[in-house]
Amino acid sequence: GQQLNQSPQSMFIQEGEDVSMNCTSSSIFNTWLWYKQDPGEGPVLLIALYKAGELTSNGRLTAQFGITRKDSFLNISASIPSDVGIYFCAGSSGNTGKLIFGQGTTLQVKP
Amino acid sequence: DSGVTQTPKHLITATGQRVTLRCSPRSGDLSVYWYQQSLDQGLQFLIQYYNGEERAKGNILERFSAQQFPDLHSELNLSSLELGDSALYFCASSPYSQAYEQYFGPGTRLTVT
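All figures in this text were calculated on a predicted structure; none of them were measured in a lab. (Residues numbered from 1 in each chain as written. Chains lettered and ligands numbered in written order. Predicted model: local features only at pLDDT ≥ 70, side-chain atom pairs only at ≥ 80, totals over all residues. Heavy atoms only, no water.)

Draft legend 1. Local environment of the overall build of chain B. Scanning chain B for helices and strands turns up zero helices and 11 strands. The order of helices and strands in chain B, counted from the N terminus, is β-β-β-β-β-β-β-β-β-β-β. A compact globule built from 113 residues should have a C-alpha radius of gyration of about 13 Å, and chain B, at 13 Å, falls within 12% of that. By its C-alpha atoms, chain B is 35 × 30 × 25 Å across when sized along the principal axes. Relative to its 113 residues, chain B shows a buried fraction of 51%. Contacts spanning at least 24 positions in sequence make up 55% of the contacts within chain B whose residues lie at least 6 apart. As displayed, chain B has an accessible area near 5400 Å², and 46% of this comes from carbon and sulfur atoms. Across chain B, the centroid of the 8 positively charged side chains sits 3 Å from that of the 11 negatively charged ones. (Helix = DSSP H or I, 4+ residues; strand = E, 2+ residues; numbered from the N terminus. Rg over C-alpha atoms; globule rule 2.2 N^0.38 Å. Buried < 20%, exposed > 50% of the residue type's maximum accessible area, 1.4 Å probe, protein only. Contact = heavy atoms within 4.5 Å. Areas by Shrake-Rupley, 256 points an atom, 1.4 Å probe, with all protein chains shown as cover. Lys, Arg positive; Asp, Glu negative; His and termini not counted. Charge placed at Lys NZ, Arg CZ, Asp CG, Glu CD.)

Draft legend 2. Examining the sheet that holds strand β1 (residues 4-7) of chain A more closely. Residue and element names in this part refer to chain A. Spatially, five strands are ordered β1-β3-β8-β7-β6 in an open sheet, and the strand pairing comes out antiparallel. With one partner strand each, in any of the chains shown, β1 and β6 (55-58) form the two edges of the open sheet. If you compare each strand with its neighbour and ignore which way they point, the axes differ by 15° on average. Pairing of strand β3 (residues 19-25) with strand β8 (residues 71-76) involves six bridges; the strand directions are antiparallel. Bridge pairing in β8 places Asn-22 opposite Phe-73. (Pairing = 2+ DSSP bridges. Axes fitted to C-alpha atoms, helices over the stretch in contact; angles between N-to-C directions.)

Shown next, in the form of structure tokens:
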């Protein structure tokens, strides 16, 4: 079945640093989504990507849909303490809304 | 606030029992999705309904079933519960049947004792 590998698994950084994380898939996706989840809460949508090569920003967040359609990247610039949480990539192929999720990247920011 | 509501927030029950989780999608959204999140399996897609019809099925156990009602709210029924069913269950919604931005509810934490 389809699998998503998300890396790194965790990151511990200093406030103000930039962060990069990525996801790779064993198969082609038509849609890539990036979510952030705080403990005990539901995932919150950060960025949605629908086209190979697409680069989209949301404030300090920038995500890209890889040109091979098998990967996606999320960058966070100038991290702040409220960026702490778990970041998930999710991808979809076919003609349904079924999402496959990565294992998540846990981000900790030291003030 | 995503606009997706789920009840109850917490549920504690015993093995062998049956529970029903409820979800109301965002206003105007026709698709409802159910996901299970556990520590060892991560976020797993269970099932999708679009405008009352089953649209896609994931790794949903036969003991689990779902439906979407004419007012578009959805219920997930879990029966013959086992300890391993303890997890967070999320509902998400979107306007369309195909992959699109999905907005998640706050989840129901199910504990089976």
